[in-house]
Amino acid sequence: MNRIDEVFAALKAEGRAALIPFVTTGDPSLDATVDIVLELERSGADMVELGVPYSDPLADGPVIQQASERALRGPVTLEGCVLVAERAREAGCRMPFILFSYFNPILQYGMERFFTLLHDKGISGLIIPDLPIEEDGEVREMAAEAGIHLIPLVAPTSKARVQRIAASAQGFVYCVSSLGVTGMRSEFHSGIEEFLQSVREAAPVPIAVGFGISSRDQVERMSRHADGVIVGSAIVRQVEEALPLLAEPSTYRDGIAQIGRFVASLRG
């Protein structure tokens, strides 16, 4: 059984939803991302999304765009992002890793080479936000051969496509809570609960909700309607705020701990 499945099954038995943080890999460095991932797990994360920085992130708001710009100055590569998972695993991390990447870096790297890398380095799931279901046949087949879950996104605007997208989902369905790009919000799409229920009825796998979730209250609200809650921009903003601490050896661990405290506050 894939470890994503195992985590969701264990949490369902405990009566709680998965907390799934997103980090921009390489912001501020690959070494720091390894330490951040380890801290996320210690602070209550159940699995983690490793975001591959990209120069034209169509689905991402300004916070993640700026983090991608910082990481790309590193420079950070697709392969370097995947190796973060291996390094974290060697340091004792046990939670599943999900790679979040736009399609162009994957295409440039080479499809067969890419899926071999994911398999060898212990990546459990893959999210490609700009690859629609109508065009994902080859990727889906290669992901299945490599034992990688290809996790689809479904939005409130998907409407008639919800059934088709959800029915073929692997790992979990990523439900977009708000219209537009990622970013912290005080309000979600109206009718979000009904939307999540419609996806749940269509999906043979768990559902997780993300885009705009940034507080403990929002995590608790969404946990009542989904099997997992994804927090992205709010955590990336915490990394941004900790940059001065992370830049100095004497305060580096304080910066990592500051990020961890925020994640722990989301869990409650």
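Above this text sits the structure in question.
On a predicted model such as this, the values are computed, not experimentally measured, just so you know. (Residues numbered from 1 in each chain as written. Predicted model: local features only at pLDDT ≥ 70, side-chain atom pairs only at ≥ 80, totals over all residues. Heavy atoms only, no water.)

A. Broad picture of the packing of aromatic side chains. This structure, assessed with the given rule, holds six aromatic pairs. Ring plane angle 25 degrees and centroid distance 5.2 Å describe the contact between Tyr 54 and Tyr 102, whose orientation is recorded as stacked. Here Tyr 54, found in the loop between β2 (48-51) and α3 (62-72), pairs with Tyr 102, found in the loop between β3 (97-100) and α5 (103-109); they are 48 residues apart in sequence, far enough to count as distant. Just as Tyr 54 is buried, Tyr 102 falls in that class too. Here the aromatic rings of Phe 114 and Phe 115 are separated by 5.1 Å at their centres, their planes lie at 75 degrees, and the arrangement is edge-to-face. The exposure class assigned to Phe 115 is buried, which follows from its relative accessible area of 3%. These aromatic residues form a ring-pair network of at least three members: Phe 22, Tyr 54, Phe 100 and Tyr 102. In this arrangement the basic side chain of Arg 113 is found over the ring face of Tyr 109, its NZ or CZ atom lying 3.9 Å from the centre. (Phe/Tyr/Trp six-rings, centres within 6.5 Å; stacked < 30°, edge-to-face > 60°. Helix = DSSP H or I, 4+ residues; strand = E, 2+ residues; numbered from the N terminus. Buried < 20%, exposed > 50% of the residue type's maximum accessible area, 1.4 Å probe, protein only. Lys NZ or Arg CZ within 6 Å of the ring centre and 35° of its normal.)

B. Local environment of helix α1 (residues 3-14). When the terminal C-alpha atoms of α1 are compared, their 17 Å separation across twelve residues agrees well with the 16 Å that a helix rising 1.5 Å per residue should span. Residues of α1 that are buried: Ile 4, Val 7, Phe 8 and Leu 11. For α1, the angular spread of buried residues about the axis comes to 95 degrees, placing them on one side. Tucked into the core, α1 has its buried residues touching β1 (18-24), β3, β4 (125-127), β5 (149-150) and β9 (228-231). The positive-phi residue at the C-terminal boundary of α1 is Gly 15, with phi of around 75 degrees. (Expected span 1.5 Å × (residues − 1). Arc of directions from axis to C-beta. Contact = heavy atoms within 4.5 Å.)

C. Up close: the packing of α3 against helix α11 (residues 233-246). It is the contact of α3 with α11, at a shortest axis distance of 9 Å, that shows an interaxial angle of 50 degrees. Put simply, α3 runs oblique to α11. Considering only the axes of α3 and α11, their crossing is left-handed. Between α3 and α11, the contacting residues are Val 63, Ile 64, Gln 66, Ala 67 and Arg 70 on the first element and Ser 233, Val 236, Arg 237, Glu 240 and Leu 243 on the second. (Axes fitted to C-alpha atoms, helices over the stretch in contact; angles between N-to-C directions. Parallel < 35°, antiparallel > 145°, perpendicular 65-115°, else oblique. Left-handed = near helix turned anticlockwise from the far one by under 90°.)

Purely geometric numbers; function is a separate question.
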